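Okay, here's what each chain looks like letter by letter:
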Amino acid sequence: MMNVVLGAGISGLSAAHYLLKTAQKAVVIESSGNLGGWIRSVRKSNIVFEQGPHTVRVAGDGGPNTLALLEDLGLEDRVSAIKSDHPAVKNRMIYVNKHLHMLPTSIMSLLTTSPPFSKPIVSAIFQDLKTPPKVCEDESIHEFVERRLGKEIADYLITAMIRGICAGDGKEISVKFLMKSLHEAEQNHGSIVKGIVKNVLKKQPVKPRLPGTESSLYNKARNEKWSIWSLTGGLEVLPTTLATFIHKLGGKINLNEQCTEIKFDSGKAIVKTRSCTYEADHVFSSLPAYKVAPLLQAQHPIVARELASIPTVSVAVVNLQYEGKLLSQEAFGFLVPSTENLALLGIIFDSVCFPSGDNTVLTVMMGGRWFTDFLGADPSPQKLLDMAVGYVRDILKISVQPQSHIVSVLRDCIPQYVVGHHGRVARIKQYINENKLPLSLIGSSFDGVGVNDVILCARRAVNNIHLK
Ligand SMILES: Cc1cc2nc3c(=O)[nH]c(=O)nc-3n(C[C@H](O)[C@H](O)[C@H](O)COP(=O)(O)OP(=O)(O)OC[C@H]3O[C@@H](n4cnc5c(N)ncnc54)[C@H](O)[C@@H]3O)c2cc1C
């Protein structure tokens, strides 16, 4: 079977790899001259700066699958793991009312009152038990948490988490993005706590692991209690190694070739680029939804309209390196809730996560859902650098100048799973199935925005085609 894969980000490359492993043919078409999409690791002054993702989680459905992929690619020795007792895992902060606050890390800290909260976090359980359920298909995660667990948790914790995970607004993002099971608990049992208790008592059957996701590396990760990991040399090692394997397995990756149209005729897909036309048995598109929409517009305007309605946000990323160890607190970093009304989304303490010599390495993220409001349509690199250095000075009290820096604006880099997203994705998939289109939509616009999610989505899409 001949397959065309659109996009050479981590989803597209994973899909091509899985296809070739099942003896199918694959050509990857990538509009830019680079591999890896948003995964970008830049080496400067002997430091690896990550402009996109920094770390990947071990837990969750996708965690074991990605570790199995690493093992398959022979990357076990490159893994740089952070264990669950490391300060970068245990210590996470939020910036509220012009102060950094450590988030609770132990059962005891949940029982005591610590700022910015005016009550112990555990009191949220009582609010949940006494609040009547609201029957609804979907709502914002902020609305759900405010009603069930209280305003402070919604304002400080939830908006900060949403800004950290997808640079979005908790008042717009669907509760199903992060709390699908808690929402279901309310809908089915009347409250989060009752739902959790009933599920525990019911003894849920153990979910069977997706075939092919077992690996010695995952067993090692579990035994050694890894929480997150990266790769020596940066996460970009993963897409570049995948590309090497794709070539070895007989696949092709055509860089600097932009897809301009996809049409379907007699069960085949016709994929047009500026210079070529490909006929394929199946197309795997890993492009962001807003970029797939125009490609399908001519033949499938209904689905194109749905795809164009999935919004994205842009993020300004400023990587900074300072000489010496300057941080007064070892932590993963801190996030800024929406209540602070700042362009700053958060700062990652890279040099706490990974050895960086006698340096302090930080990544400052700004903008997201509020990019234009705070930064303007097209901020200059100097303006972004000055803002980032200013935040580091004011909040982290580091007043020396950085030794090196990289400023980048990642345009439309993170899709927003706003209220109604899951319904929209279900309608898109139903349309594709009903019209028997040989098309799989993978990538971060649909079933999860993290690295693990998109690799797992690529694997599932390839498995599904195999079963047809
Ligand atoms: C700032 C930032 C920080 C993040 N941090 C984390 C993190 O810490 N942990 C984590 O798990 N995840 C993180 N993520 C998410 C993670 O990076 C993404 O889920 C993942 O990189 C998405 O990969 P993808 O292949 O689906 O899409 P992309 O990387 O967007 O790849 C799509 C590719 O398609 C190409 N393309 C576009 N249009 C066309 C066309 N018409 N024809 C051909 N090719 C085309 C693009 O050039 C691109 O290479 C972060 C993302 C960002 C932006």
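In case you missed it, the structure is sitting above this.
Computed from a predicted structure; not experimentally measured. (Residues numbered from 1 in each chain as written. Predicted model: local features only at pLDDT ≥ 70, side-chain atom pairs only at ≥ 80, totals over all residues. Heavy atoms only, no water.)

**Things to note about the overall build of the protein chain**
Here is step 1: Across its full length, the protein chain carries 18 helices and 20 strands.
Here is step 2: Its C-alpha radius of gyration of 23 Å places the protein chain within 12% of the 23 Å reference for a compact globule of 468 residues.
Here is step 3: With respect to the principal axes defined by its C-alpha atoms, the protein chain has extents near 65 × 55 × 45 Å.
Here is step 4: Sorting the 468 residues of the protein chain into buried and exposed places 53% on the buried side. (Helix = DSSP H or I, 4+ residues; strand = E, 2+ residues; numbered from the N terminus. Rg over C-alpha atoms; globule rule 2.2 N^0.38 Å. Buried < 20%, exposed > 50% of the residue type's maximum accessible area, 1.4 Å probe, protein only.)

**Side note on the pairing of strand E14 (residues 282-285)**
Here is step 1: The alternating pattern of E14 places His 282 and Phe 284 on one face and Val 283 and Ser 285 on the opposite face, and all of these are buried.
Here is step 2: Where E14 and strand E20 (residues 439-441) come together, 3 bridges link them in parallel fashion. In the sheet register, Phe 284 faces E20, and the bridge partner there is Ser 440. (Pairing = 2+ DSSP bridges.)

**With respect to the site of the ligand**
Here is step 1: Neighbouring the ligand are 30 residues; Ser 11, Glu 30, Thr 55, Val 449 and Val 451 lie closest to it.
Here is step 2: Between the ligand and His 54, the relevant distance is 3.3 Å, taken from an oxygen atom to a main-chain nitrogen or oxygen of the residue.
Here is step 3: Against a free-state accessible area of 1,000 Å², the protein chains account for coverage of 87% of the ligand.
Here is step 4: When contributions to the shell around the ligand are tallied by element, the ones reaching two or more residues are helix H1 (10-21), strand E19 (404-415) and helix H18 (451-467).
Here is step 5: Among the residues forming the shell around the ligand, the class breakdown is 13 nonpolar, 14 polar and 3 charged. (Near = heavy atom within 4 Å. Polar contact = N/O pair within 3.5 Å; in protein donor to acceptor, adjacent residues only side chain to side chain. Areas by Shrake-Rupley, 256 points an atom, 1.4 Å probe, with all protein chains shown as cover. Nonpolar A, V, L, I, M, F, W, Y, C, P; charged D, E, K, R; others polar.)

**Considerations on the pattern of salt bridges**
Here is step 1: Here the structure, examined in full by the defined rule, presents 19 salt bridges.
Here is step 2: Linking Arg 148 and Asp 128 is a salt bridge whose minimum nitrogen-to-oxygen distance equals 2.5 Å. Here Arg 148 is found in helix H6 (residues 141-149), whereas its partner Asp 128 is found in helix H5 (residues 124-130), with 20 residues between them in sequence. By the burial criterion, Arg 148 is buried, and Asp 128 matches it.
Here is step 3: Linking Glu 261 and Lys 263 is a salt bridge whose minimum nitrogen-to-oxygen distance equals 3.9 Å.
Here is step 4: Its relative accessible area of 34% is what places Lys 263 among the partly exposed residues.
Here is step 5: One salt-bridge network, held together by shared partners, links Asp 128, Lys 134, Glu 139, Glu 143, Arg 147, Arg 148 and Glu 186. (Salt bridge = Lys/Arg side-chain N within 4 Å of Asp/Glu carboxyl O.)

**Description of the packing of helix H8 (residues 176-189) against helix H9 (residues 192-202)**
Here is step 1: The interhelical angle for the contact between H8 and H9, taken along N-to-C directions, is 90°, at an axis separation of 7 Å. By the angle class used here, H8 and H9 are roughly perpendicular. Contact residues: Leu 182, Ala 185 and His 189 in H8; Ile 192, Lys 194, Gly 195, Ile 196, Lys 198 and Asn 199 in H9.
Here is step 2: For the contact of H8 with H9, the per-class residue count stands at 4 nonpolar, 3 polar and 2 charged. (Axes fitted to C-alpha atoms, helices over the stretch in contact; angles between N-to-C directions. Parallel < 35°, antiparallel > 145°, perpendicular 65-115°, else oblique. Contact = heavy atoms within 4.5 Å.)

**Section: the environment of Pro 133**
Here is step 1: Mapped onto the secondary structure, Pro 133 falls in the loop between H5 and H6.
Here is step 2: Pro 133 gets classed as partly exposed once you look at its relative accessible area, which sits at 46%.
Here is step 3: Distance from Pro 133 to Arg 148, taken between C-alpha atoms, is 8.5 Å for residues 15 residues apart in sequence.

**Section: the sheet that holds E14**
Here is step 1: Taken together, the 5 strands give an open sheet; going across it, the order is E10-E2-E1-E14-E20, and neighbouring strands pair in parallel fashion. Looking along the sheet, the strands with just one partner apiece sit at the ends: strand E10 (252-254) and E20. Sheet twist, expressed as the average angle between the axes of neighbouring strands with direction ignored, equals 20°.

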